[in-house]
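Residues per chain, in single letters:
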There are 4 protein chains.
Amino acid sequence: MTELAPETRARVAARLRDQRIETASWAYGNSGTRFKVFPQEGVPRDPYEKLADAAVVHRYTGVAPTVALHIPWDLVEDYADLARHATELGVRVGTINSNVFQDNDYKLGSVTNPDAGVRRKAIGHLLECIDVMDRTGSRDLKLWFSDGTNYPGQDDVRTRQDRLAVALAETYARLGDEQRMLLEYKLFEPAFYMTDVPDWGTAYAHCIALGERAQVVIDTGHHAPGTNIEFIVAVLLRAGKLGGFDFNSRFYADDDLMVGAADPFQLFRILHEIVLADALSGRGIAFMLDQCHNIEPKIQAVIRSVLNVQEATAKALLVDHAALKAAQDDGDVLGANEVLMDAYHTDVRPLLRSVREDMGLDPDPIGAYKRSGYLEKVRAERVGGTQAGWGA
Amino acid sequence: MTELAPETRARVAARLRDQRIETASWAYGNSGTRFKVFPQEGVPRDPYEKLADAAVVHRYTGVAPTVALHIPWDLVEDYADLARHATELGVRVGTINSNVFQDNDYKLGSVTNPDAGVRRKAIGHLLECIDVMDRTGSRDLKLWFSDGTNYPGQDDVRTRQDRLAVALAETYARLGDEQRMLLEYKLFEPAFYMTDVPDWGTAYAHCIALGERAQVVIDTGHHAPGTNIEFIVAVLLRAGKLGGFDFNSRFYADDDLMVGAADPFQLFRILHEIVLADALSGRGIAFMLDQCHNIEPKIQAVIRSVLNVQEATAKALLVDHAALKAAQDDGDVLGANEVLMDAYHTDVRPLLRSVREDMGLDPDPIGAYKRSGYLEKVRAERVGGTQAGWGA
Amino acid sequence: MTELAPETRARVAARLRDQRIETASWAYGNSGTRFKVFPQEGVPRDPYEKLADAAVVHRYTGVAPTVALHIPWDLVEDYADLARHATELGVRVGTINSNVFQDNDYKLGSVTNPDAGVRRKAIGHLLECIDVMDRTGSRDLKLWFSDGTNYPGQDDVRTRQDRLAVALAETYARLGDEQRMLLEYKLFEPAFYMTDVPDWGTAYAHCIALGERAQVVIDTGHHAPGTNIEFIVAVLLRAGKLGGFDFNSRFYADDDLMVGAADPFQLFRILHEIVLADALSGRGIAFMLDQCHNIEPKIQAVIRSVLNVQEATAKALLVDHAALKAAQDDGDVLGANEVLMDAYHTDVRPLLRSVREDMGLDPDPIGAYKRSGYLEKVRAERVGGTQAGWGA
Amino acid sequence: MTELAPETRARVAARLRDQRIETASWAYGNSGTRFKVFPQEGVPRDPYEKLADAAVVHRYTGVAPTVALHIPWDLVEDYADLARHATELGVRVGTINSNVFQDNDYKLGSVTNPDAGVRRKAIGHLLECIDVMDRTGSRDLKLWFSDGTNYPGQDDVRTRQDRLAVALAETYARLGDEQRMLLEYKLFEPAFYMTDVPDWGTAYAHCIALGERAQVVIDTGHHAPGTNIEFIVAVLLRAGKLGGFDFNSRFYADDDLMVGAADPFQLFRILHEIVLADALSGRGIAFMLDQCHNIEPKIQAVIRSVLNVQEATAKALLVDHAALKAAQDDGDVLGANEVLMDAYHTDVRPLLRSVREDMGLDPDPIGAYKRSGYLEKVRAERVGGTQAGWGA
């Protein structure tokens, strides 16, 4: 497949131009592990500066026009003003992420806390996030709960599920007709015995109880070792319940490395399921990055991540579906696998470079960004104030 | 809690007398790994002899009155006769397990095979299993599919789900009003890229599509590392979708060691969820053993396994629910954990010995079995013929 | 084994009275995950107050007379004064832990950093820790390096090993004749592609290159899923290279829960290997706690942890070695396992209560601590100043 | 890197022509899981036919001139005759693999069995394997022991290590000056509590005790989840103790899928360490395949596996070491990673096609093999007799 037929090339290029990948405001701020947050120079000091960095990513990649916010990390006085600021920069506010894990009250949980007052406060925050959505025009509310327990017996599993169901129902009821709720699951961390939404099955069960606009979101770093993520993608697609992705990669746990860095073949397989189901665009699946750039330069890392998703997508678009189906129907194990691998082994970087040129972009986004002097500029400008970061 | 209050003792003892644990016919035959099956002397040569061994387990434990069969491993001419034989031995035929993984046809799957003829044959076998149930009076049909793929691209995930749904629906439709279908999931083995029912979420989604009599069965060895099994137990109980257990234990993968041998604390936590939900009896949850005794004497190993479940159950019954709830409501992390651990640390063996005496049994089932000379007897008698085993 | 023979009881009691478990200064301060540190009232504000809390643990347990320090978290002007303060409180300074992971310089590693100046600085810190040991009379320097890389290619594996070897050799050369170096390994976190000392094999290889006083330390939370830790204990004991333990427990990764909370049977198996090798005391193995009490009260959690180690030890001391060896030599798989399980299932709490009474202690350390009013007292007193915590 | 400089191309091509990959005789016979062995038509019936199939693989790939044997699976009357037969086919006998896991005697272990007679027998077999080596001219004796235990307490860890050390020493002493012993480790299966050589650390410790000609062999499927295999490669290379590889791939456990099928990026990283250390040839590292082709055609699967190793090697050879080192020394995390990824993303298939043409081979080995009609021929010829397989 080293020589692409012109019609293949045109088809794939068209899809690549239309692809949309959302970056996350918190990726531009400082982040770290429990052991240490290493600060970086030039990091944004407020949501406005985060949007500026996100706009740079979009400027060089052309496929990252929206930015997810995290409330209250991205608390501002006037969200309409923030949205206007985004527009001026050439981007838009995307998904709103609730944060109910950083108040002292939430030590034993937010919406599943044993204390009714704390649960009330947490639900209140979720509703406020929808207020923000109303003002920013965001479509999706993404819910991740750090809720869980550290010790067997600490709290009651089913009671906590009941509390969760109550909170989700009240929040769902508040959604506008065009708004959606994306429920995220995670096996562990920061809870270490049990989390209240540990797996896709739990998220799925809650979502079908809620209704059509409740959808499951897959964070690629939130599974047990050995979990076949693309299987979950396919099953949720079949059920009409895949709301989106939080992309990142990992070798061990929720490492939050750049997507595609740890297992590019897995990323390709995930995107292959998406392409197979014709769900790359127009079906309401949000493709988001959720990563921590602890030791690498942040903007460059986000650009790299966007490119990694693009490259995996390009390869997935090259899979010969007819040949694949023929081999599968034939029971030709090696033949079918070969069709897939043929696409995977193709070097799609020349194709992507020319797609970028068609879009009026520099074919080498990272080189262009580095040459732009942007990092040097913000390093010089953004002195004083408090750097934004995990929790700020 | 070293001294049990008389009323606690009476309450717990009553529940322990009523507990029922089903043993599996194949546990009495030879089994092994892909590397080697080590034969043992005295192993049954046919289903009748397997029932005889199972009856011995019941004779010494008093709580194992039913025996699961595996079709076609336990194929007989006349199932009514087999059932009669069981009754004479003091036991009954329990769950019927289908086997659609040992014909050459099933190399690429059974009900999800790309070949329609193979799928038809597999469904036919499932329906025949219900015929067997009609004749044995079994309530439950347990379905485990080895179906899956070894290589990415080998077959289509969603298409295979569709085929699975068709097979399950046809089988479900054939069930009598008092019969149930128990759907088992397994992460991997013998398929090594993807199994068609890898996790509880997939089994659950199919079961809710089918109806009330389709239930999920949890094999304790079928999960990814780190999976919190008791959470799944609790969530399925809450949803009314827990049909039963295939008990065994493991350190690594589906090791099929004796239940409670690898992680007795986990077994206790599972049974704690069962007791908490008052689901130990009368709610239709089947407590089954599904193990391979590759290197240890089989009957003794099954007795040991039954005792392990009993001991974990006894401990779970000793948990002080009122104290637990009070500590949980109070947010007393260490206090709540302590209530659970207090029960776990209790030595329940004296209690179980006295429960057995109340039931007219020897307080030491393993000692009594060993003294009985049964193993020596069958070793002498069961010469000639073909030993039953994995696949026979 | 529910009734202990008097001589067994006396033998076991004597060993339990002699057991020594070291607590860690940082366990008394605030800790958390990357998502949030939940502060607790009454937490120490300096190393002197940490020692006071540790002394309380020793007062109620009688077996925790030493306290590990972390440099620079426990930096003081005058270590001789700190050691004197400890003595007045009835405890002593134990192991010195180096910390070369919280300076901004260490972003890409400490002793394995690509920058020679950073490596020099890190080695300098290790040597300073030995200066502290000279002043506190500590025997052991415990080295854990967060060093590693997040991305494939980021740095060279073998070059980093060379740098590590240089740093260890220089540090080892500075040790006094009675001082030891304990080298800790960890699979991942905070490095997410590779750590420079990921497993016992790597630590062992460096230790044998260094000499007799370099020993491996096992942190029970630092392994890949499925690792058989007691096997490593046995193999290191056989090689004379087990220097000590950092005890804690985990369900998933390096969760740092209370030791014995996640898998009490594993803790028992570890201590069984220790007892089997007659290595409980006098062989220079340091039994240390290294945990994070993120949501539970800290002093009570440390007491609970000490009790958990004691209970596992008591059970291990009850294993009938002669019966175990006889069954093993006989190839009696179930018999040998039963000997071990018999000890594990014994409720050793009554024995431990009476051991405590013999030692002049309250038989119920947690109850006694709670009744003492200590927590209420420090909550009232320790206002103002900065709470000690992870990183302070 | 899409356009290779001529000198790069020449350098890489030369190395690829010299590469040697050993295939395994048992890969050509039937294999399966514990659930089922699916037989395939045309499978060899004796070692002579296995060599014939191996010769076909070499004919089409040009880099697989040696074949590993498994004793006693490949037991023949006259090994000199077998070796001669191999030569006539254009291949040679390679590594000799001992098999001490398929006699009934070995139920509780071979060289670590509690029974001295069984241990004697097992050592006898190891010595006989060296006799075979003398006759075949093989350099390497590969030792994998299935030895281990299924239940805690079943046998004594340290005693078993002592027995292992005795067996290894006696076998090592019998080796000729040009012969080597390769010791393999495996985390689990078929033993499920503990294996006697579970990890590289254990194998390494035994090898350094034995001497220079004892080396560790890495089977890529024998690790705990999350293990960084290329780290082990690098550390063993640094220690001069890497004897070879058993290549295969896995998603879960020891799945024994085709190498490179599950994680091609990992295979590339492994070969990158090999190339970095200039250990691709001439340093005595044996590159062997050890796989089970349970559902796919065997010869084609072996060819595919050889190609996968070649492709990963070609990519590893393309890594720009100077640029990599410069970025590493500079602390340029993303730059260094990019150098590695640049090589990985290159499509090396055109290069390999031209290398094959230079070698006088068909550029498309799989197509050529399929067109050859070999499979149809052996299907027709190899009827009657007993198909070779796992254990035969």
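Structure shown above.
Rules and cut-offs
Residues numbered from 1 in each chain as written. Chains lettered and ligands numbered in written order. Predicted model: local features only at pLDDT ≥ 70, side-chain atom pairs only at ≥ 80, totals over all residues. Heavy atoms only, no water. Least-squares fit on C-alpha atoms with pLDDT ≥ 70 in both. Contact = heavy atoms within 4.5 Å. Salt bridge = Lys/Arg side-chain N within 4 Å of Asp/Glu carboxyl O. Helix = DSSP H or I, 4+ residues; strand = E, 2+ residues; numbered from the N terminus. Phe/Tyr/Trp six-rings, centres within 6.5 Å; stacked < 30°, edge-to-face > 60°. Buried < 20%, exposed > 50% of the residue type's maximum accessible area, 1.4 Å probe, protein only. Lys NZ or Arg CZ within 6 Å of the ring centre and 35° of its normal. Axes fitted to C-alpha atoms, helices over the stretch in contact; angles between N-to-C directions. Parallel < 35°, antiparallel > 145°, perpendicular 65-115°, else oblique. Left-handed = near helix turned anticlockwise from the far one by under 90°.

Asker: Teacher, can you tell me more about the relation of the copies chain C and chain A here?
Answerer: One chain copy maps onto the other through a rotation about an axis and a shift parallel to that axis. Least-squares fitting of chain C to chain A yields an RMSD of 0.0 Å, with the superposition described by an axial translation of 0.0 Å and a rotation of 180 degrees. One copy is carried onto the other by what is essentially a two-fold rotation axis. Using C-alpha coordinates, one finds that chain C approaches the rotation axis most closely at C:Arg34, a distance of 2.1 Å. Taken together, the interface assignments show that 100% of the residues at the interface of chain C recur at the interface of chain A, consistent with an identical surface on both copies.

Asker: Looking at this structure, I do not really get the pattern of salt bridges. What am I missing?
Answerer: A side chain with one charge can pair with a side chain of the opposite charge if their charged atoms come near. Counted under the stated rule, the structure contains 132 salt bridges over all chains. D:Asp162 is paired through a salt bridge with C:Arg238; the nearest N and O atoms lie 2.6 Å apart. With D:Asp162 in helix α5 (residues 157-174) and C:Arg238 in helix α7 (residues 229-239), the pair connects residues from two separate chains. Between D:Arg139 and D:Asp140 there is a salt bridge, and its shortest N-O distance comes to 3.1 Å. Each member of the salt-bridge network shares a partner with another, and the members are A:Arg34, C:Lys186, C:Glu189, C:Asp254 and C:Asp256.

Asker: Sorry, what's going on with the packing of aromatic side chains here?
Answerer: Describing an aromatic ring pair means giving the distance of the ring centres and the angle of the ring planes. Using the criterion set out here, one finds 67 aromatic pairs over all chains in the structure. Between B:Tyr193 and D:Phe251, the aromatic rings sit 5.1 Å apart at their centres with planes inclined by 55 degrees, giving tilted as the arrangement. Here D:Phe251 lies in the loop between β9 (242-247) and α8 (264-276) and B:Tyr193 lies in the loop between β6 (180-184) and β7 (194-195), a pairing that spans two chains. Like B:Tyr193, the residue D:Phe251 is buried in the burial classification. Aromatic side chains C:Phe188 and C:Phe192 sit 6.4 Å apart centroid to centroid with 45 degrees between the ring planes, which places their arrangement in the tilted category. Given a relative accessible area of 14%, C:Phe188 falls into the buried group. Ring-pair connections join several aromatic residues into one group, and the members of that group are A:Trp26, A:Trp73, A:Phe101, A:Trp144 and C:Phe35. Above the plane of the ring of B:Phe265 lies B:Arg269, whose end atom (NZ or CZ) is 4.7 Å from the centre. It is D:Lys315 that lies over the ring of D:Tyr344; its NZ or CZ is 4.5 Å from the centre.

Asker: So what exactly am I meant to see when it comes to the packing of helix α9 (residues 298-318) of chain C against helix α13 (residues 365-372) of chain C here?
Answerer: The relative placement of two packed helices is expressed as an angle between their axes plus a distance between the axes. Residue and element names in this part refer to chain C. At a minimum axis separation of 10 Å, α9 and α13 run at an interaxial angle of 160 degrees. Here α13 runs roughly antiparallel to α9, going by the angle between their axes. At the point where α9 passes α13, the crossing takes the right-handed sense. Residue-level contacts link Ile299, Gln300, Ile303, Arg304 and Leu307 of α9 to Pro365, Ile366, Tyr369 and Lys370 of α13.

Asker: How should the environment of C:Asp131 be read in this particular structure?
Answerer: Residues and elements named next belong to chain C. Position of Asp131 relative to the elements: it lies in helix α4 (residues 116-136). Take Asp131: its relative accessible area is 29%, and that puts it in the partly exposed class. Here the alpha-carbon distance between Asp131 and Asn228, two residues 97 residues apart in the chain, equals 37 Å.

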